[in-house]
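Chain residues, written in single-letter form:
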Amino acid sequence: MNALELTGVTLTYEGSGRGVRALDALVMSVEQGEPVSVIGPSGCGKSTMLLVSAGLLTPDEGEVLAAGRRLTGVRRETALILQDYGLLPWKTVWDNAALGLRVRGASRKEAGEVALGALERVGLLEFARAYPGELSGGMRQRLALARAVALDADLLLMDEPLSALDALTREDLQDVLLDLWRRRGHAQVLVTHSIEEAVYLGRRVLVMSPRPGRIAAVVENAEMGEAGFRSSALFHERCVWLRSLLAGEGALHPGASAGDSDVTYAESTASTGGVV
Amino acid sequence: MNGLSRRLAGYLGATAALLAGWFALSALIDSPALPSPVVALPEFVSQASALLPEAGVSLWRVVAAMAWGTALAVPLGLGLGRSARADAIFAPIVFLTYPVPKVVFLPVFLVLLGLGDAPKIALIGFIVFFQVLVTARDAAKAVPEASVLSVRSLGASRMDIARYVVVPAAMPDIFTALRIGTGTAIAVLFLAESIAGTDGLGWYIVDAWGRIDYPAMFAGIIAMALLGVVLYEALDAVEARVTRWRRLSR
Ligand SMILES: Nc1ncnc2c1ncn2[C@@H]1O[C@H](COP(=O)(O)OP(=O)(O)OP(=O)(O)O)[C@@H](O)[C@H]1O
Ligand SMILES: [Mg+2]
């Protein structure tokens, strides 16, 4: 039984006037406890795929299974982290971490206790009474993680969770993510624009085609998570390979796709070469 | 406490400047209609026992009016802002009626509700209602979709979204509308009290004016100004409490 399974998922946004087909017969699956990275050109439907997987969008066609059950709405054991973290600025760090549990009917006391444990895990305990606005970008991201951890999810969906962070903080949080996954063993889908991050955190890397998105290629990356992987020759090799696959999808050539994606890939490739 | 003392110092400074300006202006104009603060202030103090009940009447009217106007406008406005269907039906009505100056209905209210508290509370509440309604609707519309989505992903119901996202997100705008609303509310209160009835600060001011008792009239004006300041400050204090996260997040 897979943690997540999408079969023939098609979704069209009824935008202003003409519809935009974001996903077209997308097929993908994530095994129990498997960390998967998803990378692809800007606008290819990655965020849409996550929203569908989280049960926030219903596909026009196709089926979404989570832990073997057909998804009809938001599922209790799935946690979603959006690009801007989705924190509530009017709630304290503690209340933010407890929010998921409160919404799911836990008592204030019980939710508070679990949230405190989650904050401790991500190293934010001493900021429990602060507000998100008083935190740095990296700390906010940790808080978003704590909220997901507090839910005790078996499926963690993340939409470019680290893209707003500087390179050092980013590496630090990549290790936090890796550590959390190692300890909790949840299935995970990480959408990212960084080649290096995809290879560092995905046991499989799914490459998506330009819109409408489907899985164009898969990079098997079984050594992910091994000690010293980031500085190994193999890691570098995988990044180069992934880069060439993305180039094949037209994600890297100037003019071939959306302009801003070129910059993103160029930057992440540069950092692959050892520039922090 | 440091903030409080700084605030007090600010008020003292502003009061001193205002008094100096008033003093100079009254000396310049030299008319009994604008008595110097040297005359008006002692008069205000000596009239205190007569002013206090009138101030109480006026305060009750404004507070009651703002309370019912807000209590009705906030849920309605937030609901309109979050429901495209309801908005499509009611927004045109709101936008057609919003620019109409509600104060012109004063005679209607007086005829229907008599000369006591009711017409004043009804009219002022009516005006506050519209100001807060439009603000709450726009604020609810402006709630970041990402916040809604992230809370929905946690399994939140519509009620949860309202409670955890929409209401707190709209709170700062609603308070701004209320603070601006106090000015309008007191202006309308003055008008209503001066036209109908035999109590309240508005009546007191116009009554003193009729008796050509300018120092007493000015004592009433000072009391009405203080009423505005007190209301404004009270709202500010509540707002600071309710939207604490905003001040810290700078
Ligand atoms: N709410 C929406 N309404 C209409 N069209 C949308 C909406 N959200 C996304 N789209 C369109 O659907 C397509 C896929 O969007 P999506 O956000 O899933 O892409 P993405 O792969 O996440 O892009 P990026 O890498 O830039 O985040 C895009 O062409 C976009 O214009
Ligand atoms: Mg996206």
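Everything quoted here is computed from the prediction, not taken from an experiment.

Take the overall build of chain B next. When helices and strands are tallied, chain B shows eleven helices and zero strands. Sequence-ordered secondary structure for chain B, helices as α and strands as β, is α-α-α-α-α-α-α-α-α-α-α. By principal-axis analysis of the C-alpha atoms, chain B measures approximately 70 × 50 × 30 Å. Counting the 250 residues in chain B, one finds 43% classified as buried. The contacts in chain B between residues at least 6 apart in sequence include a share of 75% that link residues at least 24 apart. As displayed, chain B offers around 12,800 Å² of accessible surface, 73% of which is attributable to carbon and sulfur atoms. Each charge sign in chain B was given a centre, from 19 positive and 16 negative side chains, and these centres are 14 Å apart.

Residue and element names in this part refer to chain A. The environment of ligand 1 is made up of 13 residues, and the closest members are Ser42, Gly43, Lys46, Ser47 and Thr48. Within the contact set of ligand 1, an oxygen atom lies 2.6 Å away from a side-chain nitrogen or oxygen of Ser42. Separating an oxygen atom of ligand 1 from a side-chain N or O atom of Ser47 is a distance of 2.7 Å. Protein burial of ligand 1: of its 630 Å² of free accessible surface, 64% is covered by the chains. Contributions of two or more residues to the shell around ligand 1 are made by strand S2 (19-31) and helix H1 (46-53). Looking at which element gives the most residues to the shell around ligand 1, the answer is H1, with three residues.

Residue and element names in this part refer to chain B. Evaluated as defined, the whole model comprises seven aromatic pairs over all chains. Ring centres of Phe109 and Phe126 lie 5.9 Å apart, and the angle between their planes is 55°; this geometry places the pair in the tilted category. Here Phe126 lies in helix H6 (residues 117-141) and Phe109 lies in helix H5 (residues 106-113), a separation of 17 residues in the sequence. Look at Phe109 and you get buried, because its relative accessible area is 16%.

Residue and element names in this part refer to chain B. Considering all chains together, one arrives at 27 salt bridges over all chains under this definition. Here Arg61 and Asp199 are joined by a salt bridge, their closest N and O atoms 2.8 Å apart. In this pair, Arg61 sits in helix H3 (residues 48-82) while Asp199 sits in the loop between helix H8 (158-195) and helix H9 (201-210), placing the two residues 138 residues apart along the sequence. For Asp199, a relative accessible area of 26% translates into the label partly exposed.

Once that is clear, we can look at the side chain of A:Gln174. With respect to the element layout, A:Gln174 can be found in helix H5 (residues 167-184). Contacts of A:Gln174, omitting those with residues within four sequence positions, involve A:Leu162, A:Glu197, A:Tyr200, A:Leu201 and A:Arg230.

The next subject is the interface of chain B and chain A. Contacts between the two partners involve 20 residues from chain B, matched on the other side by 23 residues from chain A. Both sides of the chain B and chain A interface together cover about 2,000 Å² of buried area, and 68% of this is carbon and sulfur. Contact with chain A buries surface across chain B, with B:Leu154, B:Tyr164 and B:Trp245 losing the most and accounting together for 36% of the total. Taken together, the links from chain B to chain A amount to zero salt bridges. Viewed at the interface, chain A and chain B are joined by five residue pairs in polar contact (both at pLDDT 80 or more). If you list the elements that add at least two residues to the side of chain B that touches chain A, you get helix H7 (145-152), H8 and helix H11 (244-248) of chain B.

Let's shift gears to the sheet that holds strand S6 (residues 78-81) of chain A. Residue and element names in this part refer to chain A. Strand order across the open sheet formed by six strands is S6-S7-S8-S3-S9-S10, with mixed pairing between neighbours. The sheet is open, and its two borders are formed by S6 and strand S10 (215-220), each paired with just one other strand. Adjacent strand axes in the sheet meet at a mean angle of 15°, parallel and antiparallel pairs treated alike. Relative to S10, strand S9 (residues 204-208) is paired through five bridges, and the arrangement is antiparallel.

Residues and elements named next belong to chain A. Tracing the chain through its elements places Val176 in helix H5. On the accessibility criterion, Val176 (14% relative accessible area) is buried. Placed 53 residues apart in sequence, Val176 and Gly123 show a C-alpha to C-alpha distance of 9.8 Å. Ignoring anything within four residues of it in the chain, the contact list for Val176 reads Arg142 and Leu145.

What follows deals with a nonpolar patch on the surface. All names here are of chain B. A surface patch of nonpolar side chains, about 650 Å² in accessible area, is lined by Val100, Val104, Phe105, Val108, Val111, Leu112 and Leu113. Mapped onto the elements, Val104 comes out in the loop between helix H4 (84-97) and H5. Accessibility expressed as a relative area gives 51% for Val104, which makes it exposed.

This next bit is on H5(A). All names here are of chain A. For H5, spanning 18 residues, the distance from its first C-alpha to its last is 25 Å, which sits close to the expected 26 Å at 1.5 Å a residue. For H5, every residue scored as buried is listed here: Arg170, Leu173, Gln174, Val176, Leu177, Leu178, Leu180 and Trp181. Those residues of H5 hidden inside the fold are in contact with strand S3 (35-39), helix H3 (108-121), helix H4 (137-150), strand S7 (155-159), strand S8 (187-191) and helix H6 (195-201). Gly185 occupies a position one or two residues after H5 and carries a positive phi of about 65°.

All names here are of chain A. Across its 14 residues, H3 extends 20 Å between first and last C-alpha, which sits within 8% of the 20 Å expected from 1.5 Å per residue. Residues of H3 that are buried: Ala111, Gly112, Ala115, Ala118 and Leu119. Buried residues in H3, looked at end-on, bunch into an arc of 125°, giving them a common side. The outward face of H3, more than 90 degrees from its buried face, is lined by the exposed residues Lys109, Glu113 and Glu120. Buried residues belonging to H3 abut helix H2 (93-103) and H4. Of the residues trailing H3, Gly123 is marked for its positive phi of about 75°.

All names here are of chain A. With antiparallel pairing, the four strands of this open sheet are ordered in space as S2-S1-S4-S5. The open sheet has two edge strands with one neighbour each: S2 and strand S5 (69-70). Most of the contacts of H1 go to strand S1 (residues 2-14), to which it runs at about 120°, and overall it touches S1, S2 and strand S4 (61-66).

Each value, and the rule that gives it
- Within any chain, residue numbers begin from 1 and follow the written order of that chain's sequence.
- By the order in which they are written, chains take letters starting at A while ligands take numbers starting at 1.
- In keeping with the predicted nature of the model, local features appear solely for residues at pLDDT of at least 70, side-chain atom pairs appear and are counted solely at 80 or more, and the whole-chain, interface and lining totals rest on all residues.
- Based on all heavy atoms of the structure, the side-chain values leave hydrogens and waters out of the count.
- Runs of E in the DSSP output that reach at least two residues are strands. Runs of H or I that reach at least four are helices, and both are numbered from the N terminus.
- Exposure is judged per residue with a 1.4 Å probe applied to protein chains only, and the accessible area is read against the type maximum: over 50% gives exposed, under 20% gives buried, and values in between give partly exposed.
- Any two residues having at least one pair of non-hydrogen atoms within 4.5 Å are treated as being in contact.
- Accessible surface area values rest on a Shrake-Rupley calculation with a 1.4 Å probe, where residue burial reflects the displayed protein chains alone.
- Within this scheme the basic residues Lys and Arg register as positive and the acidic residues Asp and Glu register as negative, but His and the chain ends are omitted.
- For this purpose, a charge sits on NZ of Lys, CZ of Arg, CG of Asp or CD of Glu.
- Here a residue is near a molecule or strand as soon as one of its heavy atoms is found within 4 Å of it.
- Any pair of nitrogen or oxygen atoms within 3.5 Å is treated as a polar contact; in protein, a donor-acceptor pairing is required on top of that, and neighbouring residues in sequence qualify only through side-chain atoms on both sides.
- Within 6.5 Å between ring centres, the rings of Phe, Tyr and Trp (the latter by its six-membered ring) count as paired, and their orientation is classed by plane angle as stacked under 30 degrees, edge-to-face over 60, tilted in between.
- What makes a salt bridge here is a side-chain nitrogen of Lys or Arg within 4 Å of a carboxyl oxygen of Asp or Glu, nothing more.
- When two parts are brought into contact, each loses some accessible area as probed by a 1.4 Å sphere; the total of that loss over both is the buried area.
- Should DSSP find at least two bridges between two strands, the strands are regarded as paired.
- Axis definition: a line fitted to C-alpha atoms, limited for helices to the stretch in contact. Angles are taken between N-to-C directions and run from 0 to 180 degrees.
- Here the term patch refers to residues with relative accessible area over 30% and no salt bridge, with like charges joined within 9 Å and nonpolar side chains (Val, Leu, Ile, Met, Phe, Trp, Tyr) within 5 Å.
- Working rule for helices: expected span equals 1.5 Å times residues minus one.
- Each direction from the helix axis to a C-beta atom contributes to the arc, which is the arc of those directions.

Geometry only, nothing functional implied.
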